[in-house]
Amino acid sequence: MGMREDLERIREEALEAIKAAGNEQELEPVRIRYSGKKGALTAILKTMGKLSAEERPVMGQLANEVRAQIEEKLGERFEALRAAALEEKLKAETLDVTMPGKAPKPGFRHPLTTTISDVRRVFESMGFQTVEGPEVELAYYNFDALNTSADHPARDPQDTFYITDDVVLRTQTSSVQVRTMQGKEPPIRVIAPGRVYRNDDLDATHSPLFHQIEGLLIDKGVRMSDLKGYLEVFAQSIFGEETRVRFRPHHFPFTEPSAEMDVSCFACGGKGCRLCKGEGWIEILGCGMVHPNVLRDCGISPEVYSGFAFGMGVERIAMLRYKIDEIRKFYDNDLRFLSQFNG
Ligand code: DAH
C-alpha cells in the first residue's frame, strides 16, 4: 500500500518544513513544494486512477485530509511569521523620545544685510520706497545724466570698469536716481541699496566691489533744511539718539549745493578717540540738492520741483557700527568672523 505511506510521509515532511521556516521568504518555497499546483500532493493525486475502486475513496479522503492540514498549518505559519516580522520592524523603528534632540542650525544675517535693512527701515518709516537698478549700467545713467562732464576724472578707466565704451559696472547707486526720475512723476521718495564697482585695489578700507544706499526725495518746495532734518533722523536712528550731525560744503556734479555729512562720534560722544581719530566727528555720507540740470534731463521742471539726494557706503557704516577694521572681512565668508553676528 504505497500511497498511504507516501501521503503520511508528505504530511510529516511538510509539517516539519513549515515549522522550520524562519520567515515568509523561507515558507513560500515550502508552500510551493507541498501544496502548489505542481507540488507533491498534486503529483500523488494524479496517480489515484491506478487504485482499485475500494481503495480510491479511502485514499481520496486521506489525501484531502492531508491537504487540508498542510494548508491550515501553512496559513497559521504565514500569519505568525508576518506578525513576528511586523513586531521586529516596530521594535527597530521605535522612537526614543527621551533622546536629546539635534539642534537645527538656522542661518543668520550678514552684517551688511543687517545694515542695509536697518537703514531701509528708517527711511521706509518716513515714506521712502526701496527700488533697485542694474549693476551693469549705461555710462549715460552713471555719468551723463548725472551732470558729469565727458572729461570728469571719475570716468577714467583707472577708476571705472568698462564693459564697452558706453556700458560700465556702475560706480555709484546715483544711477538709480535718474532711472527713477525718468520713470515716475514727483512726488518721489526712494532709497536704492546695491552693489557698486570701482577700479580700486583691495586695502583695509577699499574694495573693488562694495555697497551703497542712495536716497532721493523730489517734491514741490523741498529745501536744504528738509535734507538736514531727514538725515538727522536717519543718523539718530542708526547711531543713537544723542548723535549730532554737521554738514561740510563739498562738490558733486549732480547736486548744488553739495555737502558731506558727519555724525558726532558715537564711541566718545565727540570728545575725540581712536574711532574718530581724535576728530570727534565721523564722515558718513555725501548729499545735496538735486542739480537743476539733472532734473531737467529727467523731464522734471526745476521751476516747479526741487529735491535732495544722498549716498552712503554700507561697508563704512557697518565697519563703524561693529568696529571692524578690515573691509575684506565682509567678503571672506569666514564663519569665525561672521558667527559673531548670529543673534
Ligand atoms: N554718488 C556719490 C559717491 O559715490 C555719493 C553721493 C553724493 C550720492 C551726493 C548722492 C549725493 O545722491 O547727492 O561718492
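These numbers were taken from a predicted model, which means no experiment stands behind them.

Caption draft 1: Looking closely at the sheet that holds strand β5 (residues 209-219). Pairing is mixed in the open sheet, where 7 strands are placed in the order β1-β4-β5-β9-β8-β7-β6. Single-partner strands in this sheet number two, and they are β1 (129-130) and β6 (245-250). Bridge analysis of strand β8 (residues 281-290) against strand β9 (residues 306-313) gives 5 bridges, and the strand direction is antiparallel. Looking across to β9, one finds that M289 is bridged to F308. Here helix α7 (residues 174-183) sits on the sheet in contact with β4 (188-197), β5, β8 and β9, set at roughly 35° to β5.

Caption draft 2: Expanded view of the domain arrangement of the protein chain. Each domain of the protein chain was delimited in the assignment, giving domain 1 (2-92) and domain 2 (111-341). Spacing between the C-alpha centres of domain 1 and domain 2 amounts to 89 Å.

Caption draft 3: Fine view of the packing of aromatic side chains. The tally for this structure, following the rule as stated, stands at 13 aromatic pairs. Relative to F337, the ring of F330 lies with its centre 6.4 Å away and its plane at 75°, an arrangement referred to as edge-to-face. On the accessibility criterion, F330 (2% relative accessible area) is buried. Linked through ring pairs, F123, F128, Y230, F234, F308 and F310 together constitute an aromatic cluster.

Caption draft 4: Local environment of the nonpolar core. Counting 44 residues, the largest nonpolar core has F123, F234 and I284 as its most contacted members. When contributions to this core are tallied by element, the ones reaching two or more residues are α5 (111-124), β5, α8 (224-239), β7 (255-264), β8, β9, α10 (314-322) and α11 (335-338). Considering each element in turn, this core owes the most residues, 7 residues, to α8. The contacts of I284, once residues within four sequence positions are left out, are F234, F239, M261, D262, V263, M312, G313, I317 and L320.

Caption draft 5: View of the pattern of salt bridges. Summed over all chains, the structure comprises 19 salt bridges. Here E24 ties to R82 by a salt bridge, and the two come within 3.2 Å at their closest N and O atoms. Taken together, the residues E24 in helix α2 (residues 24-35) and R82 in helix α4 (residues 55-92) connect sequence positions 58 residues apart. Of the residues examined, E24 reaches a relative accessible area of 23% and is grouped as partly exposed. One salt bridge connects R179 with E137, and the closest N-O pair in it is separated by 2.7 Å. With R179 in helix α7 and E137 in strand β2 (residues 136-138), the pair connects residues that are 42 residues apart, well separated along the chain. The exposure class of R179 is partly exposed, given its relative accessible area of 32%. With relative accessibility at 1%, the residue E137 sits in the buried group. One salt-bridge network, in which partners are shared between bridges, spans R246, R248, E260 and D262.

What counts and what doesn't
Residues numbered from 1 in each chain as written. Predicted model: local features only at pLDDT ≥ 70, side-chain atom pairs only at ≥ 80, totals over all residues. Heavy atoms only, no water. Pairing = 2+ DSSP bridges. Helix = DSSP H or I, 4+ residues; strand = E, 2+ residues; numbered from the N terminus. Contact = heavy atoms within 4.5 Å. Axes fitted to C-alpha atoms, helices over the stretch in contact; angles between N-to-C directions. Domains from an automatic or database assignment. Phe/Tyr/Trp six-rings, centres within 6.5 Å; stacked < 30°, edge-to-face > 60°. Buried < 20%, exposed > 50% of the residue type's maximum accessible area, 1.4 Å probe, protein only. Core = buried A, V, L, I, M, F, W, Y, C linked by side-chain atoms within 4.5 Å. Salt bridge = Lys/Arg side-chain N within 4 Å of Asp/Glu carboxyl O.

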